[in-house]
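One-letter residues, chain by chain:
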Amino acid sequence: MPALNIVPFVSVDNMMRLVHAVGIEAMLVRLAGAVAEDFSRWDAFHKTPRIAAHSPEGVIELMPTSDGHTYGFKYVNGHPKNAAGGRQTVTAFGVLADVGNGYPVLITEMTLLTALRTAATSALAAKSLARPGSRTMALIGNGAQAEFQALAFRALLGIDALRLHDIDPAATRKCLRNLAGLGFDLTVCASTEEAVRGADIVTTVTADKRNAVILGGNLVGEGVHVNAVGGDCPGKTELAPEVLARAALFVEYEPQTRIEGEIQQLAPDHPVTELWRVLTGEAPGRRDARQVTVFDSVGFAIEDFSALRTVRDLLAEHPYYENLDLLADPDDPRDLFGMLQRARPPRLVA
Ligand SMILES: NC(=O)c1ccc[n+]([C@@H]2O[C@H](COP(=O)([O-])OP(=O)(O)OC[C@H]3O[C@@H](n4cnc5c(N)ncnc54)[C@H](O)[C@@H]3O)[C@@H](O)[C@H]2O)c1
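Below: a short report on this structure. The shown structure was predicted, so the numbers you read here are calculated from the model rather than taken from an experiment. (Residues numbered from 1 in each chain as written. Predicted model: local features only at pLDDT ≥ 70, side-chain atom pairs only at ≥ 80, totals over all residues.)

## Here we look at the sheet that holds strand β9 (residues 185-188)
Then comes step 1: Spatially, the eight strands line up as an open sheet ordered β9-β8-β7-β10-β12-β16-β14-β15, and their pairing is parallel. The strands lining the two open edges of the sheet, one partner per strand, are β9 and β15 (273-274). (Pairing = 2+ DSSP bridges. Helix = DSSP H or I, 4+ residues; strand = E, 2+ residues; numbered from the N terminus.)

Shown next as structure tokens:
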């Protein structure tokens, strides 16, 4: 049994080792499985829209949930202008804790883990919502999340043709470089119009702190599934309302998505379906080959909980962590002050 002061800590370096030990696509499949399992026991979780602190530059959010045995939360930011200054748009870390005694059992980086769990959740949703046999995906926004989305859609749906577009050609070049040699049929497109041509699935994963129109009403053809990832804050959306009006809409946790998702542009009673209902068979996913479906992804705490518990379990086989001296552990639990006093450095005698 580890000492009570110690909490396993997964650094970025160790997360990269862990993901490579498992395999990137295998990790995406495993995360999608964990999200599906947790969404299927939806009622077991304490749920709340995330707690967001907005500023003109971005947002900092806390995302807590608990299944009564284990508690998890993620700290995450979203600052679309960060990349210009050499920083990530999205960074994150998270904690898993034992509800029985309140002690943390894991603290981990979650910037990589967020990209993985977001892509895994997108692909999980698309498995129920995209037309069977979908092969081609338009990927609009070729930043930090993009390659993860591509690999998840291949691992879970067999998507092997990608049509890439970003307003910044350097982002597309980076994406092309990273995906070259991985077996995709890759096409660089000069515009969103060009990228969506012939695509079965359209993923929008752009960063812009406004109600942007990445996909106008005339760009979404019959039968297309839209995986809308980048619109995830009040006043930050990607789809024209006309696209939403024509589509069957699927969300993670409705109370949060009403605030943050594409559907903030619609009437508060516009019908939407929570994804967990589709996964458990309570509600239908796609009804026919002509229907337009939208997964209005914002990212929900249970996905992070699923990712955190997956990492916790993987550490048993792949011990890529450090022991962090995080929790005060006096010999007598009530003698916290005595512990501090005993640690006083000896006074220097002149
Ligand atoms: N739903 C979720 O769970 C979830 C999780 C993580 C990130 N996100 C969101 O996904 C988005 C992308 O995140 P990231 O980490 O990849 O950001 P990033 O800054 O690394 O990349 C965003 C890319 O979008 C491009 N872009 C901006 N406007 C565009 C436009 N009009 N057309 C085409 N491309 C455009 C930028 O040039 C940039 O390359 C962010 O908005 C982030 O908040 C959502």
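There is more to say after this.
## Regarding the sheet that holds strand β5 (residues 92-98)
Then comes step 1: Read across the open sheet, the seven strands follow the order β2-β3-β4-β5-β6-β1-β17; overall the sheet is mixed. Each having just a single partner strand, β2 (51-54) and β17 (322-325) make up the two edges of the open sheet. Strand-to-strand twist of the sheet, defined as the mean angle between neighbouring strand axes without regard to direction, takes the value 20°.
Then comes step 2: In this sheet, strand β6 (residues 104-109) lies alongside β5 in antiparallel orientation, the contact comprising five bridges. Counted as the bridge partner of Leu 96 is Leu 106 from β6.
Then comes step 3: Seen against the sheet, helix α3 (residues 111-129) touches β4 (70-78), β5 and β6 and runs at an angle of roughly 90° to β6. (Axes fitted to C-alpha atoms, helices over the stretch in contact; angles between N-to-C directions. Contact = placed C-beta atoms within 7 Å.)

## Here's the deal with the site of the ligand
Then comes step 1: Every one of the 29 residues lining the ligand counts as a neighbour, but Thr 89, Gly 143, Ala 144, Ala 171 and Gly 299 are closest to it.
Then comes step 2: Among the secondary structure elements, those contributing two or more residues to the shell around the ligand are α3 and β11 (211-215).
Then comes step 3: For the shell around the ligand, the two domains that each supply at least three residues are domain 1 (6-112 + 302-342) and domain 2 (120-299). (Near = placed C-beta within 6 Å. Domains from an automatic or database assignment.)

## Looking at the pairing of β4
Then comes step 1: Across eight bridges, strand β3 (residues 59-66) lies against β4 in antiparallel orientation. Bridge pairing in β4 links Pro 64 to Phe 73.
Then comes step 2: Relative to β5, β4 runs antiparallel, the two sharing seven bridges. Residue pairing across strands places Val 76 opposite Ala 92, the latter belonging to β5.

## Digging into the environment of His 270
Then comes step 1: In this structure, His 270 sits in the loop between α8 (254-260) and β15.
Then comes step 2: Through-space distance from the C-alpha of His 270 to that of Leu 249 is 9.3 Å; in sequence the pair is 21 residues apart.

## Here's the deal with the pairing of strand β8 (residues 161-165)
Then comes step 1: Summarising burial for β8: four of the five residues are buried, a large majority.
Then comes step 2: Alignment of strand β7 (residues 136-140) against β8, held across five bridges, turns out to be parallel. Bridge assignment links Met 137 to a residue of β8, and that residue is Leu 162.
Then comes step 3: As a crossover connection, the stretch from β7 through helix α4 (residues 146-157) into β8 is right-handed.
Then comes step 4: Relative to β9, β8 runs parallel, the two sharing four bridges. Within β9, the residue paired with Ala 161 across the bridge is Asp 185.
Then comes step 5: The handedness of the β8 to β9 crossover, carried by helix α5 (residues 169-179), is right-handed. (Buried ≥ 20, exposed ≤ 12 C-beta atoms within 10 Å, placed from the backbone. Right-handed = clockwise from strand over helix to strand, strands pointing away.)

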